[in-house]
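Architecture and fold: a report
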Amino acid sequence: MSIPEIVSREQWRAAREELLVREKAATRARDALNAERRGLPMVEVEEEYVFEGGDGKATLLDLFEGRHQLVVYHFMFAPEWDAGCRSCSAFLDQIGHLAHLKARGTTLVAVSRAPYPRILPFKARMGWTVPWYSSYGSDFNLDFEVTLEHEGELVERPGVSCFLRDRERVFHTYSTYERGLDGLGSTTSFLDLTALGRQEEWEEPKGRASSLGAPAGSERIRYHDEYED
């Protein structure tokens, strides 16, 4: 097994401080990239997609649960499969309590092409509480490029898509796929993909921190059982 070089504490500290300079530069570069992402234009979703979930049929607007933003995790689960993708399952395993996203006006759901009767027992087996919907029978997966046609067959790939709601109108703001999911799973990592971001005062563009009529992001943090949804 290859392991790091063994050095003195002083040598380690010097190497760590040198790396910290580059880490801080990467953080600033990431903040700038997130600001560019929030600056992307958006496109209205005019297709009337119909999903099926625990409460029956639902529209894309219904998936918001009345909040301003929606993050969809495109979970690979084709109609003919008996179980969901292992990698997607590992991804969903790492998602924490959704109350912190909801407090920032953001709903997170999973969507798969498998019929809901196939999804439900697998979700129960995994013990997940993340809302999960079936897009079976619609073009949702094809339109958002997570189900692709290849040599006459349909193939699945994982992805995340973000949506913003303005009253009854729904807008697509961002999508990313495969390696673009690296590092996702935490509340802030999902918010960084959205049009409203973390809703912190320091974020660019200005004016979105107060967009939900509540204190800025970090000032809104509570224990997850203290939020008023």
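Residues numbered from 1 in each chain as written. Predicted model: local features only at pLDDT ≥ 70, side-chain atom pairs only at ≥ 80, totals over all residues. Heavy atoms only, no water.

Topic: the overall build of the protein
Check the secondary structure of the protein and you find 7 helices and 10 strands. Here the C-alpha coordinates of the protein stretch approximately 60 × 50 × 40 Å along the principal axes. Counting only residues that meet the buried cut, the protein has 44% of its 229 residues in that class. A separation threshold of at least 6 residues defines the contact pool for the protein, and within that pool the share at least 24 residues apart is 60%. Accessible surface, the protein as shown: approximately 13400 Å² in total, 50% of it carbon and sulfur. (Helix = DSSP H or I, 4+ residues; strand = E, 2+ residues; numbered from the N terminus. Buried < 20%, exposed > 50% of the residue type's maximum accessible area, 1.4 Å probe, protein only. Contact = heavy atoms within 4.5 Å. Areas by Shrake-Rupley, 256 points an atom, 1.4 Å probe, with all protein chains shown as cover.)

A look at the pattern of salt bridges
Under the definition given, this model contains 12 salt bridges. A salt bridge links glutamate 65 to arginine 67; the shortest N-O distance between them is 2.7 Å. On the accessibility criterion, glutamate 65 (38% relative accessible area) is partly exposed. Put simply, arginine 113 and glutamate 156 hold a salt bridge, and the shortest N to O gap is 2.5 Å. Of this pair, arginine 113 sits in the loop between strand S5 (106–112) and helix H5 (116–126) while glutamate 156 sits in strand S8 (residues 153–156), placing them 43 residues apart in sequence. Classification of arginine 113 as buried rests on a relative accessible area of 13%. (Salt bridge = Lys/Arg side-chain N within 4 Å of Asp/Glu carboxyl O.)

Notes on the nonpolar core
Within the largest apolar cluster, 29 residues are counted, with the highest numbers of intra-cluster contacts made by Tyr73, Phe75, Trp132, Val160 and Phe190. Taken together, the elements giving at least two residues each to this core come down to strand S4 (69–74), helix H3 (86–93), S5, H5, strand S9 (159–166) and helix H7 (187–191). Once residues lying within four places of it in the same chain are set aside, the contact partners of valine 160 are Val71, Val72, Tyr73, His74, Tyr174, Ser175, Thr176, Leu181, Leu184 and Leu193. (Core = buried A, V, L, I, M, F, W, Y, C linked by side-chain atoms within 4.5 Å.)

Observations regarding the pairing of strand S3 (residues 56–59)
In this structure, strand S2 (residues 50–53) lies alongside S3, joined through 4 bridges in antiparallel fashion. Paired with glycine 53 across the strands is glycine 56, a residue of S3. In sequence, S2 turns back onto S3 through a hairpin of 2 residues. (Pairing = 2+ DSSP bridges.)

With respect to the side chain of aspartate 192
Following the sequence through the fold, aspartate 192 ends up in the segment after H7. Using a relative accessible area of 7% as the deciding quantity, one classes aspartate 192 as buried. Side chain to side chain, aspartate 192 and arginine 198 meet in a polar contact 2.8 Å long. Setting aside residues no more than four positions away along its own chain, aspartate 192 makes contact with Asn34, Arg37, Arg198 and Glu203. (Polar contact = N/O pair within 3.5 Å; in protein donor to acceptor, adjacent residues only side chain to side chain.)

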